[in-house]
Amino acid sequence: MWRRWLSTSTGSDSRAALASKKKWDAVVVGGGHNGLTAAAYLARSGLSVVVLERRRLIGGAAVTEELLPGFKFSRCSYLQSLLRPSVIRELELGRHGLKLLKTNISSFTPCLDGRYLLLGPDADLNHSEISKFSQKDANAYPRYENQLQKFCKFMDFLLDSPTPETLHEVRSFGDQMRDKLQKSAFWVRCLQQALALGQKDMVAFVDLLLSPASKVLNNWFESDVLKATLASNGIIGTMASVHTPGSGYVLLHHVMGETDGDRGIWSYVEGGMGSVSLAISNAAREAGAHIVTDAEVLQLMINDESGAAEGVLLADGTPVHSSVVLSNATPYRTFMELVPQSLLPEEFHRAIKNIDYSSGTTKINLAVDRLPQFQCCKLSLESGPQNVGTILIGCESMEEIDLACRDAWNGLPSRRPFIEMTIPSVLDNTISPPGKHIINLFIQFTPYKSSEGSWEDSAFRDSFAQRCFSLIDEYAPGFSSSIIGYDMLTPPDLEREFGLTGGNIFHGAMGLDSLFLMRPVKGWSGYRTPLRGLYLCGSGTHPGGGVMGAPGRNSAHVVLQDMKKSLRM
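Residues numbered from 1 in each chain as written. Predicted model: local features only at pLDDT ≥ 70, side-chain atom pairs only at ≥ 80, totals over all residues. Heavy atoms only, no water.

**Focus on the sheet that holds strand S6 (residues 107–110)**
Note the threshold: One bridge is not enough; two strands pair if DSSP finds at least two bridges between them. By definition, any uninterrupted DSSP run of H or I lasting at least four residues is a helix, any uninterrupted run of E lasting at least two residues is a strand, and each is numbered from the N terminus. Each axis is a line fitted through C-alpha atoms, and for a helix only the stretch in contact is used; angles between axes span 0 to 180 degrees, taken between their N-to-C directions.
In spatial order, the strands read S7-S6-S16-S17-S18-S15-S19; together these 7 strands make up an open sheet with mixed pairing. Edge strands, defined here as strands with exactly one partner in the open sheet, are strand S7 (116–119) and strand S19 (483–489). Averaged over all pairs of adjacent strands, the angle between their axes in this sheet comes to 20°, without regard to strand direction. Sheet analysis places strand S16 (residues 390–393) next to strand S17 (residues 418–422), joined by 3 bridges and oriented antiparallel. Across the sheet, Ile 393 pairs through a bridge with Ile 419, a residue of S17.

Have a look at this one:
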């Protein structure tokens, strides 16, 4: 028996709201966490807002679903840290039900030779654990963490600000002057941050951005296990190797978050990741926003005279009129599927079409009847520190991760995949029956199209799943026999079910050529688009992917700014 959980808005009830209003101030396409965030900020500013979600439940990739009775899976995203403190604070998400379960262990890396590495926020624990492999590395690790903390502090301002993009529309002299002043203030703030960082650290920061994660870590450490553990942050969600230039930034991207003010600390969310989306939707509804599920958008409606977006047409033929439209869909889906090509500049259309959406990610969600028992720990079946944080399988050296990636580059699912395992039910007793557990497997690397077979073939899918389970058995004997059932999402599944083009969890690659003023494409990083009245608010925009809320928040501020300007005209 298969059921869905967290269907927070029913189509029939919400469609009455559509029929009752002739025109909305804003329509948001997609009820993922960024779309909901944008809707909340717009509604709090007094606008009439409706969110249209294709699926029967909200949340996009930040969703909780009960696929087996009593087991509530975070089907896509599975940990929280990147959600911006400004969003949590301004939308009062704690009051709206968000409860973070902080972990006291960040990662556990088991080794086949019987050793293991535990890392966490406790400096003494880290020193003791790393010393098992290298005393030199144990002494260097605090300096490494301190430098990353400096870089993250430098990034905070950039994450919470829209990019200083060039204006494309002809504006009044006053608007042009205000725009120049805003841009000047932005670059002055950047200069101040750079000066505060200092030249030595600034050079190290640039080196991190441009370098492969392997180069950065080889310059810091000598232990293979420690380097592989840290390098794993540089390849999460990508089709990149640890040796790929620019993977150093992805490493930084995954450590720049925080939980309750503690930098770099990840947490589970009580009730699963859908509780993040639920809390944001509660804030949006309290402010007056309407959320409609089972509402697939077929295309944008364009005013024949002005050429501006004036709403959307649903797949069932229902028109929804609005002053502006915000798309939380990927840039590809927005401009290749929802907007007629004839309305877009050729150069822009070509750039959108050529965005890198490659993905090597497969997610397997498991229900198990007991916790895994790692033979390197020689501990009881009861929950121990090894089960609390992220468990890294196939991560004993950077070369091991690189080999897994090279298989996928050659069109093959990794023969020995890199697996990031989490067990949220260790801290959250609301998501599984007593004595049972939920396990998330975030697996790399699996190409969108495999030269060995098709992901549509159930036998091929099962063979890869069993390959992953057998690998875990090497570290935790008997793991496979604990499995009650599982849900598997390959790149094509992520695309089909969640609208993630190419299965890319970030709405597009996070390479240096696709960040900041280059995201989603050069010249259009400021959430505005060539089609007047249409804005982007998803992870395909600055500052990128992950459950951050920053794209939604920043986009809403740009929309409000434009609306104020139109009132002055």
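**A closer look at unusual backbone geometry**
Residues Gln 444 and Phe 445 are joined by a peptide bond in cis, for which omega reads 20°. Inspection of the secondary structure puts Phe 445 in the loop between strand S18 (437–444) and helix H15 (458–475). With an omega dihedral of 5°, the bond running from Arg 519 to Pro 520 counts as a cis peptide bond. The phi torsion at Asp 294 lies on the positive side, around 55°, for a residue other than glycine. Take Asp 294: it is sitting in the loop between strand S11 (290–292) and strand S12 (297–302). One non-glycine residue with positive phi stands out, namely Phe 516, at about 55°. For Phe 516, the position within the fold is in the loop between helix H16 (491–498) and strand S20 (534–536).

**Remarks on empty space enclosed by the protein**
Rules: Site definitions follow a grid-based scheme: protein atoms alone, a 1 Å grid, a 1.4 Å probe that fits but cannot get out for cavities, and for pockets an open set with protein on both sides within 12 Å along at least five of seven lines, plus lining residues having an atom within 4 Å of a point. Grid points are joined across faces, edges and corners, and a volume is the space filled by probe spheres set on the points. Gly falls in the polar group here, along with every residue not listed as nonpolar (Ala, Val, Leu, Ile, Met, Phe, Trp, Tyr, Cys, Pro) or charged (Asp, Glu, Lys, Arg).
According to the stated counting rule, one finds 2 cavities of 30 Å³ or more in the structure shown. There is about 80 Å³ of room inside the largest cavity. Put simply, the parts of the chain that give the lining of the largest cavity at least two residues each are strand S4 (71–74), strand S10 (267–269) and S18. Grouping the constituent residues of the lining of the second largest cavity by class yields 3 nonpolar, 4 polar and 1 charged.

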